[in-house]
Amino acid sequence: MTTAAKNYILYRTAAFMYQPGYAYTQGATPSVPAAQVSSPVGTVVGTQQMTSLTGVTAPDGFAYALDAAGKYSAGSIYTPSTEYTLSGASTATAGTALTLTLTPDNDGPGADTTVTLSDGNAGGTFSADTVTFSGCTNTAQTVTYTPKAAGTVTISATNTGGLTNPASLSVTVAAAAA
């Protein structure tokens, strides 16, 4: 079975700096100019089609990211996600769905990242208990959650991509109308 090639970018995790030259008269104290940034952190220096990053090591000061949509070209800036948010209503009614939104920060994670949702065994149901953020994409993902019974439910999220998980969402659930 052949694995399809995917778009990957190689981007800077450290700025490329240079020190401008300077001239001065003998006996004078030179005024050394400040270092200049030639290529900032996040600059995409190349794109490649690869089936995976297995066995591929980025040089020091660089990292690879899966550019699922192929939207980053050489010279563009990519800022990887470090965290994501979980938002939704803080009140609900048992048996009635509420919408939850998960959103990565910056330009999206460097690889496809799966987020798993939990209600702490409160018995409610998610329309999907996992969502996936595609690499280099900061598109929000939504799911619905239907609480089973009245009380307080704590919804939490964990991920496979090393992102900082959001604070749990506390939802006060009212009993369904009789």
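Residues numbered from 1 in each chain as written. Predicted model: local features only at pLDDT ≥ 70, side-chain atom pairs only at ≥ 80, totals over all residues. Heavy atoms only, no water.

**Details of the nonpolar core**
Here is a general trend for soluble globular proteins: nonpolar side chains tend to be buried in one another's company. Ranked by size, the top nonpolar core spans 21 residues in total, and within it L100, L102 and I155 carry the most contacts. Of all the elements in the fold, those that place two or more residues in this core are β6 (84-88), β8 (98-104), β9 (113-118), β11 (130-133), β12 (141-146), β13 (151-159) and β14 (169-174). Listed in part, the eight residues of the second largest apolar core include Y11, A65, Y72 and C136. (Core = buried A, V, L, I, M, F, W, Y, C linked by side-chain atoms within 4.5 Å. Buried < 20%, exposed > 50% of the residue type's maximum accessible area, 1.4 Å probe, protein only. Helix = DSSP H or I, 4+ residues; strand = E, 2+ residues; numbered from the N terminus.)

**Some thoughts on the environment of T146**
Its location among the elements puts T146 in strand β12. Between the C-alpha atom of T146 and that of T93, which follows or precedes it by 53 residues, the distance is 8.4 Å. Ignoring any residue separated from it by four or fewer positions in sequence, one finds T146 in contact with G95, T96, A97, G124 and T125. (Contact = heavy atoms within 4.5 Å.)

**Some words on the domain arrangement of the protein chain**
According to the domain assignment, the protein chain contains domain 1 (6-77) and domain 2 (84-174). Inter-centroid distance (C-alpha atoms) of domain 1 to domain 2 is 35 Å. Contacts between the two partners involve nine residues from domain 1, matched on the other side by seven residues from domain 2. Summing both partners gives a buried area of about 570 Å² for domain 1 against domain 2, and 51% of it is carried by carbon and sulfur. Considering only the side of domain 1, the residues that lose the most area to domain 2 are L66, A68 and Y72, jointly responsible for 60% of the buried surface there. (Domains from an automatic or database assignment. Buried area = accessible area lost by both parts, 1.4 Å probe.)

**Concerning the sheet that holds strand β4 (residues 44-50)**
Strand order in the open sheet made by the three strands is β4-β1-β5, with antiparallel pairing throughout. Every interior strand has two partners, whereas the edge strands, β4 and β5 (62-66), have only one. Averaged over neighbouring strand pairs, the angle between their axes works out to 25 degrees when direction is ignored. As paired strands, strand β1 (residues 6-12) and β5 are joined by five bridges and run antiparallel to one another. (Pairing = 2+ DSSP bridges. Axes fitted to C-alpha atoms, helices over the stretch in contact; angles between N-to-C directions.)

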